Structures are given as structure tokens and as C-alpha cells.
Amino acid sequence: MPELPEVETVKNTLHELVHGKTISDVKIIREKNVENNPEEFKNALIGATITHFERVGKFIIFHFDKDIVLISHLRMEGKYFLKSKNDKIGKHDLVVFYFSDDTCLMYNDTRRFGMLKVASIFNYKNEPPLSNVGPDPFMMSDASRLEKAFKNKSIAIKTALLDQSIMSGLGNIYVDEVLFATAIHPETPAKLIKRQQLEWILKESKRILGEACNAGGTTIKSYHPKEGVSGNFQYALKVYGKKDKPCPRCGHLMRKIFVNGRGTTFCPKCQKNIDLPYVVGVTGPIGSGKSEACKYLESLGFLYLSADKIVHDLYKDKKVQDGIRKIIPELKIKNDDIDREFLKNYLLDNPNKKRRLEKYVHSKVEEVFAKTIKSTPKSKSIVLEVPLLFESRIDDYCDDTLFIDISDKKQIENLIDRKEDIKKALKLNQNFNYQENKKKATYVIKNDKNIAHLNKELSAIFSYK
Ligand SMILES: [Zn+2]
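In this text the structure is predicted, and so the values were computed from the model without any measurement.

Thresholds applied
Residues numbered from 1 in each chain as written. Predicted model: local features only at pLDDT ≥ 70, side-chain atom pairs only at ≥ 80, totals over all residues. Heavy atoms only, no water. Helix = DSSP H or I, 4+ residues; strand = E, 2+ residues; numbered from the N terminus. Expected span 1.5 Å × (residues − 1). Pairing = 2+ DSSP bridges. Axes fitted to C-alpha atoms, helices over the stretch in contact; angles between N-to-C directions. Contact = heavy atoms within 4.5 Å. Phe/Tyr/Trp six-rings, centres within 6.5 Å; stacked < 30°, edge-to-face > 60°. Buried < 20%, exposed > 50% of the residue type's maximum accessible area, 1.4 Å probe, protein only. Donors = N, O, S within 2.8 Å, 3.2 Å for Na, K, Ca; no water. Tetrahedral: all angles 85-135°; square planar, octahedral: opposite > 155°, others 65-115°. 1 Å grid on protein atoms, 1.4 Å probe; cavity = no way out; pocket = protein on both sides within 12 Å on 5 of 7 lines; lining within 4 Å. Points joined across faces, edges and corners; volume = space filled by probe spheres on them. Nonpolar A, V, L, I, M, F, W, Y, C, P; charged D, E, K, R; others polar.

Engineer: Honestly, helix α1 (residues 4-18) in this entry has me stumped. Any pointers?
Structural biologist: Helical geometry: 3.6 residues make up each α-helical turn, so side chains three or four residues apart lie on a common side. Given a rise of 1.5 Å per residue, 15 residues ought to cover 21 Å, and the 21 Å separating the end C-alpha atoms of α1 matches this to within 8%. Backbone geometry just after α1 places Gly20 at a positive phi near 90 degrees.

Following this line, the structure appears as C-alpha cells:
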């Protein structure tokens, strides 16, 4: 769908191509795309000479030497072609404007959502559809209009910025770019965005849309009369369509979510949702003392969520068992629960199945985490214990991450204390990327002494979070 910069470019190109031309006839092939009575539409336009063009939001306005305007919206796929009068009318040409010279302008629309309307020059901005279009960023000197409109709105900032009646011009692509540039999470409630941030949003909207308009203007110079004036040239986008690519600012992998049904790409690290509670994710090798660390944080008032505990509960869920059986048909159920000894031994022998199972289970755990984080009051802090915190990308939900480190010697001692089969435990844990995870974590605590020492270190970091 063309956005403001593309529409601006189409407008400028139309001006270059057809201004000064006089309409001698109009052929409406598909009446549904014309909002006026077809005869009135034709009669108003025949004999009119195009003087200039105007853009209002994503509408293109044709001006004439008469008291009328032609309002055009391209919607999904609308395009204009300047052709010779003798050219054949194509399957997707919906309206043809013939000029007094040998040319004609064809409105072509494969999706057929576009609209055309003739209106009076004296009133066109005060009646639909233009009366519902708010000013675009270039028309706004400050963000007072946004502040007033968003003051009591709990809807996501992305949704609020897409509302063209408040501010026009930001579509799905550029709104993601603006929110990335201003480091705002797209789901942040609009009312929580402070005036200073709104000013920043306005400034970045002008910069990004302006640069994109210039980029479009450059590309269109290669315009060829046989091609449509369509505006399918893209500004160097930083986030849109970059799901799972590294963030250009911090290198973290970008994520795609849906905000009010609209696909949205953002960086979970640079764009934190300030409406959610503080979350710390705890990871570390097996037997390093993650649970002890989490229990201590729980005693400080944190809500403690353990991935292992959630998995334990999920394994009793019939639907999850069916899901796992799709990966492991041999799965054994004992007393309505998955036979863990069987599963453990099976995964040791089938590393590929282990990876697939982990992917499936992580997505289920992630759902539980996401739901719990959203429903927890902002005043409460949360600690997530996740052995594969970074591998599962659950660190995306964390404000900070904590790596509990341990020496090999102490790790073996702990596993013996827990009566674990050391060989099996270490083998099951071999996917854990020790060096890389340690580097990624916000905090690292070495847990080689006793629990009092661990708690003291934790207290120094987290007692005021
Ligand atoms: Zn980032």
C-alpha cells in the first residue's frame, strides 16, 4: 500500500506529466470506484484544464481552472499511466481521462479499492472524505494536537498514530520506523507517552517521511511512460520487514508481533514497554544455583516464575501431550502425565527431536510468561528462571538478565548433592552456550561460595528493583 512519501511522489510526477492538459472526455469503466453520479462526474471534468496538484494525507487532489477538484485515493494498488489515445484499455484500467492532445491518463487498479470523487473547490476540505483527515506532520509546528488527542487513550501508541483523523501520513510501514527511531514500544498505552516524546515522534515523522519523499523523488526521475506512476520505491527501511534480523542500533534480533491486527516489527531491547513490570531473567549452567538465586529474589518481593515448573505443569495438559506426540510418536503417558524417565532417555538418544521439542515447549512457556507479565501490576517485579533464556529468546521479555556462573568442581558437587546422574545431566545440558550467554547477560554472579554469599551479591544488585 502506498504511504505518504509514495503518494507525494505520485503527486509530483502527475504534475510533471499532465499539468496544463485539458480533459476532452472521460470514460468510466468501473462505476463503483467513482463516488459521484457518472454523468455528473464526466460533465464536471470535460473542458477543465489541470492547473496543479495537492496532497492531503494520502489523498491526491487535482486542481483545475474551474471551481471543482478531483479527489483520488490509491488505496492498495492504484496507479496512473500516461498513454497515447490509441493505446488499448487494459483489464485493470478503471477510469480513462482523455486530453485534448493525443494522450490520456488511465487510472489502473488491480485490487479495485481506489476512489475518485469530484467536489466543489469551496467545500472539499469540509466534507468527507477529507473532513476526516487530520494534518500531516509537516503541517504541525508542535505536538500539542497529539498530546490533547492521546491524553486519555489507553490504546497502543502504534494504533493511535495510525488514526488518520488525529495525524495523517503515517501508515503501517513508517509508524514502525518512527517508533523505532524514538525507542518506544509499539504497545505502550498512548496516554503514557510524555509531551517530550510526542515532540520527538513528530520530529522523527518529519525526518523519516521527508527523507523517504526525497528518495522517491530521486527514483521517479527514471520514470518511463510505459510504466505506471505507482510509487513502489522504498526508502531505506530500518525495521519494517526485518523480523529476526539484527537491530541496526544494538544488534539484538528484531521481533514481529501483531498490534491490533497489524504486523509490527520492533527491537525488544531498544523499545521497552514502560507499562510492564520490571523483569529479570535468570540463567546459567545446570547445577549453578539458579533456583536458589530466584528464591532469594522471591523473598525480596519478586514474583518467581520458573520455566521448569511451567513445563512440569504443561506436560500434564492433554493438548500439550498431543502436540508433543506429533514430534515423538513413541511418547509414553503414565498416570495422565508424561513419563519423564522415558522422555529423558529418548532425548539423550535423539538430539534432533530434542531441538524440535524444545522449540515447541518454549513457545508454550513463552505464552505463559507473556500473559503473566501483562497481568501483573507494574509495581511488582518479576524473576524468570529459564535455563535456555537466550536460546529461547525469552530474554526479549526481560529488562535485565542474570547469569549464575559456577566452577566445574562446584557444579559437580552440587549435582552430587542433588543425587543427579552427572553424565546424563551434563549431556542434556550441552546445548547451553556457556561463553556466549555469559557475555550477553547484564549481570554475572559467580556462585562458588555459600548461599549467604550469593544472597549478598544479589541484594547489592536487586534490593531496590
Ligand atoms: Zn535494538
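Once the structure has been displayed, the description carries forward.
Engineer: What exactly am I supposed to notice about the sheet that holds strand β16 (residues 400-405) here?
Structural biologist: Note on sheets: strands pair through backbone hydrogen bonds, and any given pair is parallel or antiparallel. Strand order in the open sheet made by the five strands is β12-β15-β11-β16-β17, with parallel pairing throughout. Sheet topology places β12 (303-306) and β17 (443-446) at the edges, where each strand pairs with a single neighbour. Neighbour to neighbour, the strand axes of the sheet diverge by 20 degrees on average, direction disregarded. Along the sheet, helix α8 (residues 307-314) contacts β12 and β15 (382-385); its crossing angle with β12, the most-contacted strand, is approximately 60 degrees. Contacting β11 (279-283), β16 and β17, helix α15 (residues 451-462) runs over the sheet at an angle of about 160 degrees to β17.

Engineer: Sorry, what's going on with the packing of aromatic side chains here?
Structural biologist: Aromatic ring pairs are defined here through the distance separating the ring centres and the angle between the ring planes. Counting across every chain of the model gives ten aromatic pairs. Residues Phe41 and Phe97 carry aromatic rings whose centres are separated by 6.4 Å and whose planes lie at 50 degrees to one another, so their mutual orientation is tilted. Taken as a pair, Phe41 in helix α2 (residues 38-45) and Phe97 in strand β6 (residues 93-99) lie far apart in primary sequence, 56 residues in all. Overall, Phe97 belongs to the buried group, its relative accessible area being 2%.

Engineer: When you look at the sheet that holds strand β1 (residues 23-28) in this model, what are you seeing that I'm missing?
Structural biologist: Strands sit in the order β1-β6-β7-β5 across an open sheet of four strands; the sheet is antiparallel. Since the sheet does not close on itself, it has two edges, and those belong to β1 and β5 (78-84), each with one partner. With strand direction ignored, the average angle separating the axes of adjacent strands in the sheet is 20 degrees. In the sheet, β5 pairs with strand β7 (residues 103-109) via seven bridges, with the strands oriented antiparallel. Paired with Gly78 across the bridge in β7 is Asp109. In the packing of α1 onto the sheet, the strands contacted are β5, β6 and β7, and the crossing angle to β5 comes to about 15 degrees. The strands touched by α2 within the sheet are β1 and β6, with β1 carrying the most contacts at an inclination of about 160 degrees.

Engineer: I tried to follow the coordination of the zinc ion on my own but got confused; where do I start?
Structural biologist: Think of it this way: four donors in a tetrahedron around the metal ideally sit 109.5 degrees apart, and six in an octahedron ideally sit 90 or 180 degrees apart. Around the zinc ion, the protein supplies Cys247 (SG), Cys250 (SG), Cys267 (SG) and Cys270 (SG) as donor atoms, at distances of 2.2 to 2.4 Å. Relative to the metal, the four donor atoms surrounding the zinc ion lie at angles of 102 to 115 degrees, and the coordination shape comes out tetrahedral.

Engineer: How should I be thinking about the layout of surface pockets in this particular structure?
Structural biologist: With a probe scaled to a water molecule rolled over the atoms, the places where space remains empty come into view. Volume-wise, the largest pocket comes out at about 1,200 Å³. If you trace the largest pocket, you find 35 residues lining it, with Asp308, Val311, Lys344, Pro387 and Leu428 closest to the centre. Sorting the residues of the lining of the largest pocket by element identifies α7 (290-299), α8, α10 (340-349), α11 (351-375) and α13 (422-428) as the ones contributing at least two each. At six residues, the largest contribution of residues to the lining of the largest pocket is made by α11. Counted by class, the lining of the largest pocket contains 15 nonpolar, eight polar and twelve charged residues. In this structure, the second largest pocket encloses a volume near 440 Å³. Taken together, 22 residues form the lining of the second largest pocket, with His185, Glu187, Phe266, Leu276 and Tyr397 sitting closest to its centre. Elements represented by at least two residues in the lining of the second largest pocket include exactly β9 (255-259) and α11. When residues of the lining of the second largest pocket are assigned to their parent elements, the largest contribution, five residues, is made by α11. When the residues that make up the lining of the second largest pocket are grouped by side-chain class, the tally is ten nonpolar, three polar and nine charged.

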